[in-house]
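What follows is the residue order along each chain.
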Amino acid sequence: MIVVARHRAELSIALAIAGLGLVLAIRAPGFFVAGNLLDVLLATLPVLIAAIGATLVILAGEIDISVGSIFAVCSVTAGVLAVAGVPLPLVVLIAPLVGALLGAINGALVAWLSLPSIVVTLATMVAWRDALRWITQGAWVQGLPAGFQWLGLSQASYPVAALIVTAGLALAILRGLTQVPAGRAIYATGSNAEAARLAGIDTRRVRFWTFAAAGALAGLAALLNAARFSQIPPNTGLGLEMQVIAAVVVGGAAITGGRGSLAGTILGVVLLGMLGPALTFLGVSASWERAFQGAIILVAVGVDALRARRVTTMVPRREPARV
Amino acid sequence: MLTATAIRKSYAGVRALKGVSFDLAPGEVHALVGENGAGKSTLIKIITGAVRADDGALEVDDEAVDLARLTPARARELGIAVIYQQPALFPDLTVSENIALTLEHGGAWRRIDWRARTDRARDLLARAGAAFDPDRLAGSLSMPEQQIVEIARAIGAGARVILMDEPTASLTDREVDRLFDVVRTLRETGTGIIYISHRLDEVFTLADRVTILRDGETVMTAPRGAVTRDEVVRHMAGRELATVFPKRAVTPGAVALDVRGLTSTTAGVFDVSFTVRRGEILGLAGLVGSGRTELAELIFGLRRPDRGQILIDGQPVTIDRPADAIAAGLAYVPEDRRRHGVVLEMPIAANTSLANLAAVSRHGLVQASRERALAERFRQDLQIKASSVVANAGTLSGGNQQKVALARWLATAPAILILDEPTQGVDVGAKAEIHGVMQAMVERGMAVIMISSELPEILGMSDRIAVMREGTICAIVDRADATPERILALALARPAAEATA
Ligand SMILES: Nc1ncnc2c1ncn2[C@@H]1O[C@H](COP(=O)(O)OP(=O)(O)OP(=O)(O)O)[C@@H](O)[C@H]1O
Ligand SMILES: [Mg+2]
């Protein structure tokens, strides 16, 4: 009973995914051909990794709209280093590090200067994107060394490895969020920062590290994405922030922080990631994809708002004036 | 003028009200009392349209009101106004703007007549019994002044029924008296008042009738003169309760906390020095605004002192952040626990363990079973009324949320515990439980600082009483020498004779 109530958001997306799968199975069985599923999987894994980062940030009561730009900077950096002959293992290490650094800049501005995260990440989003455009002059990174694609693995073993890495990461963070004190600190900070502070949680450090982690994850996502192609466009990752925030919200997290789960985000990524290819297979014009995405988001937040209204009648949300 | 019959309400399986009936006459103060979670706030919210009843009937002025369609706006039209414990004003607007906001109608683009607005605000404030400047910012008002603004708003809206949900929980005795004067004035003009409070003394000075709720049912309604305090308590709890403070003498040990010359101009605390010993309860008395909470926040690292020293077990310590304070063995239960204490979106169990996760963890992982066992223990000790410890704290009644916050700090088993208004908003039974827990803790050698605005509590539980006035401790009185008059006189800086008069 309680389990069902607690995981209602997750359950309803799982049902939506199953429903979509059923429609596909009946109307377009071609969707389930191994080759296609593999394509969908490879395209979805980077988004999933970036969405894990967004989940952390949103649970802590903040928002990061600079992921797409961080993703692009990391992609190009990895590509340029690889072209310059830097050994592959080093490149694999550097991409997330660059991401962590850029995330840490966001985090430092939010946590220690108490700037609103929407403003900070809007600024860094524009800044990184324009800096990249200026430096690359719009040129694609080409002539990547042979081993770069599939990150030195074979085309057959790479998806397995990528899946294992992503799943391992997701599982670790999933458990960490509920079972490690640091995970609790994220929820507490997002839900009631003042109470968290009084409970001895350093809410600034929590904010800083969630942004840094989100940056590192964006870097990893960039790597897994770049590995699929033989060249890297500098405008990669455009609109990624919308994709991942949408997935988090569809996954049942409160955009105001403190409530949500990684399981929900994963299901949200799967649902939104399946949508585009599914529409193509069902013969719906691709231009409808966005409209469907929007509809799914509205339904998800609408349901959430209705649920929230029932709960908040108990606690007036209006902030009382303080002396 | 208002009759509610057989009101029922369930929240996701919790039956909050199981058929409650209640009526209010014009010019009557009708008190609603009951234990935490009895359903008082729920009844109020149904009458004001904030939550929807499952079943039942409501009549206002002999006219049936459709409970299924009652909204806060409709309730206001019917002349029903509500005043919550925490006034809900807009801090950055002036008093007259705050009053106008709910009263003025018309288009968004009409011209505002500022003069008329201010005049009306002044007039309404006068009728609510206060004479402060309507151009002041709401955020600069004291708690009781903010409550008066809310009352002025209610009068201005032509309210004939005013509901007050624990309006005095954060007021001191003197401020309570002022509020009572206002309530009496309203009563004389024929306004009906529903008054919720856990302070039974208030109920007996103010109310014309008393209705007792227990577990979502009406136990009895009686005129004030027809019941005694003890009967009310018995009916609320459904059992006999001890009414004396569980104070037993403990031989105090070594000095646990030694505060020397603590000063912070921004916090308004000046040159405060005192000690607390193991096994001792130091009561911190004083008026609201005398700097007691600020002092606690300085000690706990929530504010930085300009000067002064803190010694714990004789060793000087540096406390810059709450985490430092916790590491040094301090715990602080803040006053406004609904806002600063509980994390509403977290289960009760996670709330209980939040400040002490190490105790329920193994190898850095939180053990759910241990966490639940911890929460379960405090649920029983403090009688937290909840369907289970995995329920979210947001689903609890106000008083039960207070108890969860208290449990969190008791669970840390600190060496030095600072309690800010520990029994505010909890019912008589739970109050006795909390006092019992405090006593048990000092017997185990804990040092306790208790801030309280309730004089009986201060006198009943403290070994020594430090009285604060204008940001400094003006006297420390031993238990044996403490009388209500003396403490009050010290807090007010008046000769004792005058205070008793
Ligand atoms: N939103 C909610 N979801 C679930 N249960 C709720 C909700 N609101 C109230 N309850 C439950 O309804 C019961 C009555 O709560 P109510 O707030 O009316 O109590 P109360 O008499 O005002 O108590 P207190 O003195 O502590 O303020 C409690 O058991 C509470 O847990
Ligand atoms: Mg209540």
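What counts and what doesn't
- Residues numbered from 1 in each chain as written.
- Chains lettered and ligands numbered in written order.
- Predicted model: local features only at pLDDT ≥ 70, side-chain atom pairs only at ≥ 80, totals over all residues.
- Heavy atoms only, no water.
- Helix = DSSP H or I, 4+ residues; strand = E, 2+ residues; numbered from the N terminus.
- Rg over C-alpha atoms; globule rule 2.2 N^0.38 Å.
- Contact = heavy atoms within 4.5 Å.
- Areas by Shrake-Rupley, 256 points an atom, 1.4 Å probe, with all protein chains shown as cover.
- Lys, Arg positive; Asp, Glu negative; His and termini not counted.
- Charge placed at Lys NZ, Arg CZ, Asp CG, Glu CD.
- Buried < 20%, exposed > 50% of the residue type's maximum accessible area, 1.4 Å probe, protein only.
- Axes fitted to C-alpha atoms, helices over the stretch in contact; angles between N-to-C directions.
- Parallel < 35°, antiparallel > 145°, perpendicular 65-115°, else oblique.
- Nonpolar A, V, L, I, M, F, W, Y, C, P; charged D, E, K, R; others polar.
- Core = buried A, V, L, I, M, F, W, Y, C linked by side-chain atoms within 4.5 Å.
- Domains from an automatic or database assignment.
- Pairing = 2+ DSSP bridges.
- Buried area = accessible area lost by both parts, 1.4 Å probe.
- Salt bridge = Lys/Arg side-chain N within 4 Å of Asp/Glu carboxyl O.
- pLDDT = per-residue confidence, 0-100.
- Polar contact = N/O pair within 3.5 Å; in protein donor to acceptor, adjacent residues only side chain to side chain.

Draft legend 1. Region of the structure containing the overall build of chain B. Scanning chain B from terminus to terminus reveals 18 helices and 22 strands. For 501 residues, the compact-globule estimate of 2.2 N^0.38 gives 23 Å, and chain B sits close to it at 24 Å. A principal-axis box enclosing the C-alpha atoms of chain B has dimensions of 70 × 50 × 50 Å. By sequence separation, contacts in chain B at least 24 residues apart represent 66% of the contacts at least 6 residues apart. Carbon together with sulfur atoms contributes 50% to the accessible area of chain B, which is approximately 20,100 Å² in total. Across chain B, the 59 positively charged side chains and the 64 negatively charged ones have centroids separated by 4 Å.

Draft legend 2. View of the overall build of chain A. Counting its regular elements, chain A contains 13 helices and 0 strands. Ordering the α and β elements of chain A from the N terminus gives α-α-α-α-α-α-α-α-α-α-α-α-α. Against the compact-globule benchmark of 20 Å for 323 residues, chain A has a radius of gyration of 20 Å, which places it among compact chains. Its C-alpha atoms give chain A principal-axis dimensions of about 65 × 50 × 35 Å. Scored against the burial criterion, the 323 residues of chain A give a buried share of 48%. The long-range share in chain A, meaning contacts at least 24 apart out of those at least 6 apart in sequence, stands at 80%. Working note: accessible area of chain A is about 14,800 Å², and carbon and sulfur atoms make up 71% of it.

Draft legend 3. Spotlight on the packing of helix α8 (residues 181-191) of chain A against helix α10 (residues 203-226) of chain A. Residues and elements named next belong to chain A. Two elements in contact, α8 and α10, have axes whose closest approach is 10 Å; the angle formed by their N-to-C orientations is 105 degrees. With respect to α10, the axis of α8 lies roughly perpendicular. Of the residues in α10, those touching α8 at A185, I186 and T189 are T203, V206, R207 and T210. Residue composition of the contact of α8 with α10, by class: 3 nonpolar, 3 polar and 1 charged.

Draft legend 4. Molecular detail of the nonpolar core. Formed by 167 residues in total, the largest nonpolar core has its most connected members in B:L257, B:F274 and B:I299. Residue contributions to this core peak at 13 residues, all from helix α3 (residues 34-59) of chain A. Taken domain by domain, the makeup of this core includes at least three residues from each of domain 2 (242-329 + 416-501) and domain 3 (342-413) of chain B. Beyond its immediate chain neighbours, meaning those up to four positions away, B:L257 contacts B:F274, B:T275, B:V276, B:I299, B:I310, B:L311, B:I312, B:I416 and B:I449. B:A130, B:L171, B:L179 and B:Y195 belong to the second-largest nonpolar core, a separate cluster that totals 35 residues.

Draft legend 5. Layout of the sheet that holds strand β2 (residues 14-24) of chain B. Residues and elements named next belong to chain B. Strands sit in the order β2-β1-β4-β5 across an open sheet of 4 strands; the sheet is antiparallel. Looking at which strands have only one partner, the edges of the open sheet turn out to be β2 and β5 (63-65). Taken pair by pair, the neighbouring strands of this sheet meet at an average axis angle of 25 degrees, ignoring direction.

Draft legend 6. Examining the interface of chain A and chain B more closely. In this assembly, 33 residues from chain A lie in contact with 54 residues from chain B. At the boundary of chain A with chain B, total buried surface from both sides reaches about 3,500 Å², with 58% on carbon and sulfur atoms. As a salt-bridge pair, B:R321 and A:D202 come within 3.1 Å of each other at their nearest N and O atoms. Elements supplying a minimum of two residues to the side of chain A that touches chain B: α1 (2-6), α7 (157-179), α8 and α9 (193-198) of chain A. Considering every element that reaches the side of chain A that touches chain B, the biggest residue donor is α8(A), with 5 residues. Class assignment of the residues belonging to the side of chain A that touches chain B gives a composition of 14 nonpolar, 7 polar and 12 charged.

Draft legend 7. View of the domain arrangement of chain B. Residues and elements named next belong to chain B. One can read the domain layout of chain B as domain 1 (2-238), domain 2 (242-329 + 416-501) and domain 3 (342-413). Look at where the C-alpha atoms of domain 1 and domain 2 centre, and you get two points 33 Å apart. Contact residues are listed per partner, giving 18 residues for domain 1 and 14 residues for domain 2. Note on domain 1 versus domain 2: buried area summed over both sides is about 1,200 Å², and carbon and sulfur give 55% of it. At the boundary of domain 1 and domain 2, one finds 0 salt bridges. Among the secondary structure elements, those contributing two or more residues to the side of domain 1 that touches domain 2 are α6 (173-188) and α8 (229-237).

Draft legend 8. Quick peek at the sheet that holds strand β14 (residues 307-312) of chain B. Residues and elements named next belong to chain B. Pairing in this open sheet of 4 strands is antiparallel, and the strands run β12-β11-β14-β15 from one edge to the other. Each having just a single partner strand, β12 (269-277) and β15 (315-317) make up the two edges of the open sheet. Within the sheet, the average angular offset between the axes of one strand and its neighbour, ignoring direction, is 20 degrees. Here strand β11 (residues 255-264) pairs with β14 via 5 bridges, running antiparallel. Directly across from V259, in β14, lies its bridge partner I310.

Draft legend 9. Structural context of the confidence of the model for chain B. Residues and elements named next belong to chain B. Summing up the model confidence of chain B, the mean pLDDT is 87 and the portion of residues at 70 or higher is 95%. Averaged over each element, pLDDT in chain B is lowest for helix α18 (residues 496-500) (42) and highest for strand β20 (residues 447-451) (95). Confidence drops under a pLDDT of 50 for residues 496-501, and excluding neighbours within four residues, the segment shows 5 contacts in the predicted structure. Two numbers describe this predicted complex: its pTM, 0.78, and its ipTM, 0.74.

Draft legend 10. Summary view of the side chain of B:E280. Residue and element names in this part refer to chain B. Here E280 lies in the loop between β12 and β13 (281-286). One polar contact links the side chain of E280 to the main-chain amide nitrogen of R277, over a distance of 2.9 Å. Apart from the residues within four sequence positions on either side, E280 is in contact with T275, V442, M446, A447, V448, D463 and R464.

Draft legend 11. Summary view of the pattern of salt bridges. Here the structure, examined in full by the defined rule, presents 30 salt bridges over all chains. Residue A:R133 pairs with A:D130 through a salt bridge whose shortest N-O separation is 3.3 Å. Taken together, the residues span about one helical turn, with A:R133 and A:D130 both in helix α6 (residues 117-136) at a distance of 3 residues. Judged by relative accessible area, A:D130 falls into the partly exposed class, the value being 38%. Residues B:R260 and B:D258 are paired through a salt bridge, measuring 3.0 Å at the closest nitrogen-oxygen approach. B:R260 sits in the partly exposed class, given a relative accessible area of 42%.

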